[in-house]
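Chain and residue survey
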Amino acid sequence: MTALPAALAEIREDFLALSTKDRLQLLLEFSQELPALPERYRDDPDRLERVDECQSPVFIVLELDEGVVRMHADAPEEAPTTRGFASILAQGLDGLPLEAALAVPDDYPQTIGLAEAVSPLRVRGMTAMLARAKRQLREYA
Amino acid sequence: MAIAADPHAGFQDYADPAKLVTTQWLADNLGADGLVVVESDEDVLLYETGHIPGAVKVDWHTDLNDPVMRDYLDGAGFARLLGEKGIRRDDTVVIYGDRSNWWAAYALWVFELFGHPDVRLLDGGRAAWIAEGRELATAAAERGESDYPVVERDDSTLRAFKDDVLAHLGGPLVDVRSPQEYSGERTTAPDYPDEGALRAGHIPTAVNIPWSKAVADDGRFLDRAALETLYLRENGLDASSPAIAYCRIGERSSHTWFAMRYLLGMTDVRNYDGSWTEWGSAVRVPIVQGSQPGEVPGR
């Protein structure tokens, strides 16, 4: 088994160290940290992929920049949970070599203690987001 | 000690005008002894981003559902939850939430399964409060604990199970999902995740009245006359007959249940919370596809 990339491992440790209530606060902080979409995507929304499995409209796009993964996402302010999911994945995947990003376990979202905090059903949206991100990346492989 | 109803003129034609409050009434009554405001949203983090000052949060997934069985809390669990939230049995509870009060109506329906005496909805929900630029707080409200009695859930009057629906076929039945889900083009709401139903379509004889038709663009309920046109005249429901509403998991149909029960005054309306995620996966229950209600199958 390959080791989990450092950023994702750290995010997991941070969540698991907290009580259920504080995990929600950390997820909220992640949602506030989601960077705005780069200008070039704001003007060209067709290049973004919609994550249908999430209850609120969320769009993601993965790029390979000189061998390094870049993830961008956009979700409305009224959907902080979805923004938080996207932000965790963006922070965890951004900057990874392609191979390392593709090796991230598909069930990572289910291992960071969010099922208790937000319910397993909602975590499904994040699992789907990771699957779609990896599928986009596979096109670069 | 129930708090006096909102005398808002626009509510007076409703069968039970006391079940709704306006944003202005709520703003004027915030902090009153005996009033508790509850936020219940689809998005579990919205409350943390800012809520009506003093409001406590109740989440449909993590608070109202039994964590193992597909069911709601039992009497002891509900007493524990409301005790932790600092809600007393004689408090007036006003619930509001995102998405035109879908989840707020669902929470209200669960509160009523336990017979909480006075539960109301904030007309227009969270969006109306925010659109009017009203005050929000981010720190979680601390009400202290209360001593809420253990009251057993009553599933016999407001809740329908699959067998009840089978026995009711041919009687007034309202499918509040989107036309695409009703006809069988898809099993999930447009823009929604798949919560798992193996077959698509609707329960035979159900009429399709998407839940959102009961509210205006601003998320507030239509007036009595418009609701009567929608449910009674256009779709042929009879206000005096027992009716059942369903959707996918019982949340959108709670909203319709509220409108039928309290705004139109239909005295016997039940919500089938098993809804399509149960019916669409159950073995040998009849299903109709297409845009017509269909017939009761021969028994």
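Counting starts from 1 at the beginning of each chain's written sequence and moves along it residue by residue. Written order determines the labels here, with chains lettered from A and ligands numbered from 1. Totals for whole chains, interfaces and linings use all residues, but because this is a predicted model, local features are given only for residues with pLDDT of at least 70 and pairs of side-chain atoms are given and counted only at 80 or more. Side-chain numbers here rest on the full set of heavy atoms in the structure, without hydrogens or water.

**Digging into the overall build of chain B**
Regarding its fold elements, chain B presents 11 helices and 10 strands. The size measure is the radius of gyration over C-alpha atoms, and the globule rule it meets is 2.2 Å times the number of residues to the 0.38 power. Relative to the compact-globule value of 19 Å for 299 residues, chain B shows a C-alpha radius of gyration of 19 Å, a close match. Dimensions of chain B, computed from the C-alpha atoms along their principal axes, are close to 55 × 45 × 35 Å. Throughout this description, buried means an accessible area under 20% of the type-specific maximum (1.4 Å probe, protein chains only), exposed means over 50%, and partly exposed covers the range between. Classification of the 299 residues of chain B by burial places 58% in the buried group. Secondary structure elements follow DSSP: runs of H or I no shorter than four residues count as helices, runs of E no shorter than two count as strands, and numbering proceeds from the N terminus.

**Details of the sheet that holds strand β10 (residues 269-272) of chain B**
Taken in spatial order, the five strands make up an open sheet running β6-β10-β9-β7-β8 (chain B), and their pairing is parallel. Across the chains shown, the open sheet's two edge strands, defined by having one partner strand only, are β6 (159-160) and β8 (207-208) of chain B. Strands are labelled as partners when DSSP assigns at least two bridges between them.

**Section: unusual backbone geometry**
Despite not being glycine, Ser119 of chain A shows a phi value in the positive range, around 90°. Within the secondary structure layout, Ser119 of chain A lies in the loop between α6 (114-118) and α7 (120-138). Given the relative accessible area of 5%, Ser119 of chain A is considered buried. One non-glycine residue with positive phi stands out, namely Ser100 of chain B, at about 55°. Among the structural elements, Ser100 of chain B can be located in the loop between β4 (92-96) and α5 (102-113). Ser100 of chain B sits in the partly exposed class, given a relative accessible area of 21%.

**What about the packing of aromatic side chains?**
Given two aromatic rings, their pairing is described by the distance between the two centres and the angle made by the two planes. Residues and elements named next belong to chain B. Aromatic pairing here means that ring centres of Phe, Tyr or Trp (its six-membered ring) are within 6.5 Å. Orientation follows from the plane angle: under 30 degrees is stacked, over 60 is edge-to-face, and everything else is tilted. Applying the stated criterion across every chain yields a total of 18 aromatic pairs over all chains. Between Trp60 and Tyr106, the aromatic rings sit 6.1 Å apart at their centres with planes inclined by 90°, giving edge-to-face as the arrangement. One end of the pair, Trp60, is in helix α3 (residues 60-64); the other, Tyr106, is in helix α5, and 46 residues separate them in sequence. Trp60 sits in the buried class, given a relative accessible area of 2%. With a relative accessible area of 3%, Tyr106 lands in the buried category. Taking the centre distance of 5.6 Å and the plane angle of 55° together, the rings of Phe258 and Tyr262 count as tilted. Taken together, the positions of Phe258 and Tyr262, both in helix α10 (residues 252-263) and four residues apart, correspond to about one turn of that helix.

**Some thoughts on the nonpolar core**
By size, the foremost hydrophobic cluster in this structure holds 58 residues, and its most contacted members are Ile95, Leu121, Phe221, Tyr231 and Phe258 of chain B. When contributions to this core are tallied by element, the ones reaching two or more residues are β2 (35-39), α3, α4 (75-85), β4, α5, β5 (119-122), α9 (224-234) and α10 of chain B. A total of 11 residues in this core trace back to one element, the largest contributor, which is α5 of chain B. Pairs of residues are marked as contacts when any of their non-hydrogen atoms sit within 4.5 Å. With near-sequence residues (within four places) excluded, Tyr231 of chain B lies in contact with Ile209, Ala214, Gly236, Leu237, Thr256, Met260 and Leu264 of chain B. Membership of the second largest hydrophobic core comes to 43 residues, among which are Leu34, Ala86, Val123 and Met129 of chain A. For this analysis, a nonpolar core means a set of buried residues of the types Ala, Val, Leu, Ile, Met, Phe, Trp, Tyr and Cys, connected via side-chain atoms within 4.5 Å.

**Description of the environment of Gly274 of chain B**
Residues and elements named next belong to chain B. Its place among the elements puts Gly274 in the loop between β10 and α11 (275-279). Considered as a pair, Gly274 and Lys162 are 112 residues apart in the sequence and their alpha carbons are 7.0 Å apart. With near-sequence residues (within four places) excluded, Gly274 lies in contact with Arg70 and Arg248.

**Describing the interface of chain B and chain A**
With 19 residues of chain B at the interface, the matching set in chain A holds 22 residues. Accessible surface is computed with a 1.4 Å probe, and the buried area is the amount of it that two parts give up when combined, taken over both parts together. Approximately 1,600 Å² of surface area, both sides summed, lies buried where chain B meets chain A, with 55% of it carried by carbon and sulfur atoms. Take a side-chain nitrogen of Lys or Arg and a carboxyl oxygen of Asp or Glu: if they are within 4 Å of each other, that pair is a salt bridge. If you look at where chain B meets chain A, you find one salt bridge. The shortest N-O distance in the salt bridge between Arg122 of chain A and Asp59 of chain B comes to 3.0 Å. Distance and chemistry together define a polar contact, namely a pair of N or O atoms within 3.5 Å, with one atom able to donate a hydrogen and the other to accept it when in protein, and with adjacent residues in sequence counting only for side-chain atoms on both sides. For the interface between chain B and chain A, the tally reads five residue pairs in polar contact (both at pLDDT 80 or more). Sorting the residues of the side of chain B that touches chain A by element identifies α2 (46-49) and α3 of chain B as the ones contributing at least two each. When residues are sorted by character, Ala, Val, Leu, Ile, Met, Phe, Trp, Tyr, Cys and Pro go into the nonpolar class, Asp, Glu, Lys and Arg into the charged class, and all the rest, Gly among them, into the polar class. Residues belonging to the side of chain B that touches chain A are distributed by class as follows: six nonpolar, three polar and 10 charged.

**What about α4 of chain B?**
Residues separated by three or four positions in an α-helix point in the same direction, a consequence of the helix having 3.6 residues per turn. All names here are of chain B. If you check which residues of α4 are buried, you get Gly75, Gly77, Phe78, Ala79, Leu81, Leu82 and Gly83. Tucked inside the fold, the buried residues of α4 contact α3 and α5. Downstream of α4 by a residue or two, Gly86 has a phi angle that is positive, lying close to 75°.

**Section: empty space enclosed by the protein**
All names here are of chain B. A pocket here means an open set of points on a 1 Å grid, computed over the protein atoms alone, that has protein on both sides within 12 Å along at least five of seven lines. A cavity is instead a set of points where a 1.4 Å probe fits but cannot get out; residues with an atom within 4 Å of a point line either one. Grid points are joined across faces, edges and corners, and a volume is the space filled by probe spheres set on the points. Evaluated as defined, the whole model comprises two cavities of 30 Å³ or more. Around the second largest cavity, the lining residues are Glu39, Ser40, Asp41, Asp43, Val44, Tyr47, Lys57, Val58 and Asp59. When the residues that make up the lining of the second largest cavity are grouped by side-chain class, the tally is three nonpolar, one polar and five charged.

**Section: the sheet that holds β5 of chain B**
Residues and elements named next belong to chain B. The five strands lie next to each other as β1-β5-β4-β2-β3, forming an open sheet whose pairing is parallel. With partners counted over all chains shown, the strands left at the sheet margins are β1 (20-21) and β3 (56-57), one partner each. Across two bridges, the pairing between β1 and β5 is parallel. Pairing of Leu20 across the sheet is with Leu121, part of β5.

**Things to note about the confidence of the model for chain B**
pLDDT: the predictor's confidence for each residue, scored from 0 to 100. Averaged over every residue, the pLDDT of chain B is 94; residues scoring 70 or more account for 96%. Scored as a whole, the predicted complex attains pTM 0.91, and scored at its interfaces, ipTM 0.83.

**Notes on the packing of helix α4 (residues 80-93) of chain A against α7 of chain A**
All names here are of chain A. Lines fitted to the C-alpha atoms define the axes, with helices restricted to the stretch that makes contact. Angles between their N-to-C directions range from 0 to 180 degrees. It is at 10 Å that the axes of α4 and α7 come closest, and there the two elements cross at 40°. Once α4 is placed against α7, the crossing between them reads as right-handed. On the side of α4, the interface is formed by Thr82, Phe85, Ala86, Ile88, Leu89 and Leu93, while α7 contributes Arg122, Val123, Met126, Met129, Leu130 and Ala133. When the residues that make up the contact of α4 with α7 are grouped by side-chain class, the tally is 10 nonpolar, one polar and one charged. What makes a crossing left-handed is the near helix being turned counterclockwise from the far one by less than a right angle; a clockwise turn instead makes it right-handed.

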